[in-house]
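Listed below are the residues making up each chain.
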Amino acid sequence: MKKTTLVGGGLAGLLATAAGTLAWTGHAQRTATRRLWDRLQSPPAGVLERFDPETVAGLPDPARRYLLHAIAPGTPLAHAVALEMEGRMRLKPDAPWMSMRARQILAPPRGFVWEAAVARGAMRFAGADAYADGEGATRFRLWGVLPVAQATGPDVARSARGRLAIEAVLCPAALLPQRGVRWEPIDAHTARAVLTIDGEALPVTLTVDDEGRLQAATLPRWGRRADDGRFAPIPFGVDVLEEGRFEGYTLPCRLHVGWWYGTEQYFDFFHAVIRKALFRAV
């Protein structure tokens with residue numbers, strides 16, 4: 001009887017220790033995420049600039065139309081934007097959709113933090129995707145405790161750089177030529193913005209209409225192929241369904257995102273509505 005009590009007590013102690021470790025690890029990760037968030041929204045050294053339409057006069061016509069539509073003259077040029085969004089997402093083509101609420105700090109080309117809560121029925125996941133200083137990470141926990149998605153490493157970082165590049169359309173000042181972006185002409189309605197993020201050149205193709213409204217953005221993004229699990233460049237794209245005006249910027253505010261964009265394998269996994277955008281210029 002005494003031995004059973006000791007074993008039971010030992011098991012209870014181990015479980016309590018494990019739960020405490022999980023809780024501590026989750027707290028440490030949330031603290032690190034908050035610190036990165038604060039760092040990315042802090043302004044880099046420099047003088048506040050305002051948008052001058054003359055700075056885009058020499059760009060390919062679709063790029064010029066897009067930037068003139070996206071940024072009002074005299075608007076402070078933001079180094080970051082804080083976003084709030086909601087919508088739905090799924091992990092595989094045959095998986096059910098899950099509700100999603102998220103907030104994000106986006107500071108191209110320095111990095112981003114996307115904090116989200118995802119749910120379906122009683123299942124609740126919370127965590128963050130992040131990229132900064134050449135490193136990317138995905139960390140989500142079930143009910144805020146049990147790790148369910150933990151990923152780091154060179155492939156995760158490279159994929160995150162692609163995400164950061166294409167999401168620059170949510171912070172249009174990051175696509176200006178004075179921010180180091182090189183624009184290449186394609187045709188009357190498409191142009192390619194080449195962003196360099198931690199030494200990697202990332203080509204984002206923008207499709208715009210005659211008024212400069214953004215219709216789609218695409219790039220070959222590093223991702224895991226479903227057939228063999230290896231990483232490779234995969235067509236990745238964003239369709240813009242609606243746009244909204246925020247503090248002098250016109251952004252996509254309802255969008256669909258998917259892998260294998262433009263192919264028969266297309267997998268749209270993320271539908272979002274952006275409810276709020278606060279730009280950080282100073």
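The structure displayed is predicted, hence computed values, not measured ones. (Residues numbered from 1 in each chain as written. Predicted model: local features only at pLDDT ≥ 70, side-chain atom pairs only at ≥ 80, totals over all residues. Heavy atoms only, no water.)

**Concerning the pairing of strand β5 (residues 135–142)**
Logical step 1: Alignment of strand β4 (residues 123–132) against β5, held across eight bridges, turns out to be antiparallel. Each residue of the ladder has a partner; that of D129, found in β5, is T138.
Logical step 2: The hairpin turn running from β4 into β5, its antiparallel successor, is two residues long, and D133 in that turn takes a positive phi close to 55 degrees.
Logical step 3: Sheet topology places β5 next to strand β6 (residues 146–152); six bridges connect them, and they run antiparallel. Within the sheet, the bridge partner assigned to L142 lies in β6 and is L146. (Pairing = 2+ DSSP bridges. Helix = DSSP H or I, 4+ residues; strand = E, 2+ residues; numbered from the N terminus.)

**Focus: the confidence of the model for the protein chain**
Logical step 1: Residue-level pLDDT values for the protein chain average 90, and 90% of them are 70 or greater.
Logical step 2: Across residues 14–19, where pLDDT falls below 50, the model places zero contacts with residues more than four positions away in sequence or in other chains. (pLDDT = per-residue confidence, 0-100. Contact = heavy atoms within 4.5 Å.)

**Focus on the environment of Q29**
Logical step 1: Inspection of the secondary structure assignment puts Q29 in helix α1 (residues 2–41).
Logical step 2: Considering only alpha carbons, one finds Q29 and G127, 98 residues apart in sequence, at a separation of 9.0 Å.
Logical step 3: In contact with Q29, other than residues within four places in its own chain, are R139, R141 and Q150.

**Brief notes about empty space enclosed by the protein**
Logical step 1: Per the counting criterion, the structure on display carries one cavity of 30 Å³ or more.
Logical step 2: Size it by volume and the largest cavity reaches roughly 50 Å³.
Logical step 3: Lining the largest cavity we find Y66, H69, A70, V169, G212, L214, E243, T250, L251 and P252.
Logical step 4: Put simply, the parts of the chain that give the lining of the largest cavity at least two residues each are α2 (61–70) and β12 (249–259).
Logical step 5: Tallied by class, residues from the lining of the largest cavity come to six nonpolar, three polar and one charged. (1 Å grid on protein atoms, 1.4 Å probe; cavity = no way out; pocket = protein on both sides within 12 Å on 5 of 7 lines; lining within 4 Å. Points joined across faces, edges and corners; volume = space filled by probe spheres on them. Nonpolar A, V, L, I, M, F, W, Y, C, P; charged D, E, K, R; others polar.)

**Brief notes about the nonpolar core**
Logical step 1: Y66, W114, L175, W183 and F270 are the most contacted members of the largest nonpolar core, which totals 68 residues.
Logical step 2: Considering each element in turn, this core owes the most residues, seven residues, to strand β13 (residues 267–280).
Logical step 3: Residue contacts for F270: discarding those within four places in its chain leaves M85, R88, M89, W97, M100, W114, L255, H256 and V257.
Logical step 4: Judged by nonpolar contacts, the second largest core, of ten residues, contains L36, I105, A130 and A132. (Core = buried A, V, L, I, M, F, W, Y, C linked by side-chain atoms within 4.5 Å. Buried < 20%, exposed > 50% of the residue type's maximum accessible area, 1.4 Å probe, protein only.)

**Some points on the state of the cysteines**
Logical step 1: Counting across every chain of the model gives zero disulfides.
Logical step 2: Here C171 stays free of any disulfide, with the sulfur of C253 as its closest cysteine sulfur at 16 Å. (Disulfide = S-S within 2.5 Å.)

**Looking at helix α3 (residues 154–166)**
Every α-helix carries 3.6 residues per turn, so stepping three or four residues along brings you back to the same face.
Logical step 1: Between its terminal C-alpha atoms α3 stretches 19 Å, which fits the 18 Å expected from 13 residues at 1.5 Å a residue.
Logical step 2: Within α3, ten of the 13 residues are buried, which leaves the element mostly enclosed by the surrounding structure.
Logical step 3: Where α3 is concerned, the buried positions are V156, A157, S159, A160, R161, G162, R163, L164, A165 and I166. (Expected span 1.5 Å × (residues − 1).)

**Structural notes on the pattern of salt bridges**
Logical step 1: Tallying each qualifying case throughout the model produces 18 salt bridges.
Logical step 2: Salt bridges here are not isolated pairs; linked through shared partners, they connect R225, D227, D228 and R230. (Salt bridge = Lys/Arg side-chain N within 4 Å of Asp/Glu carboxyl O.)

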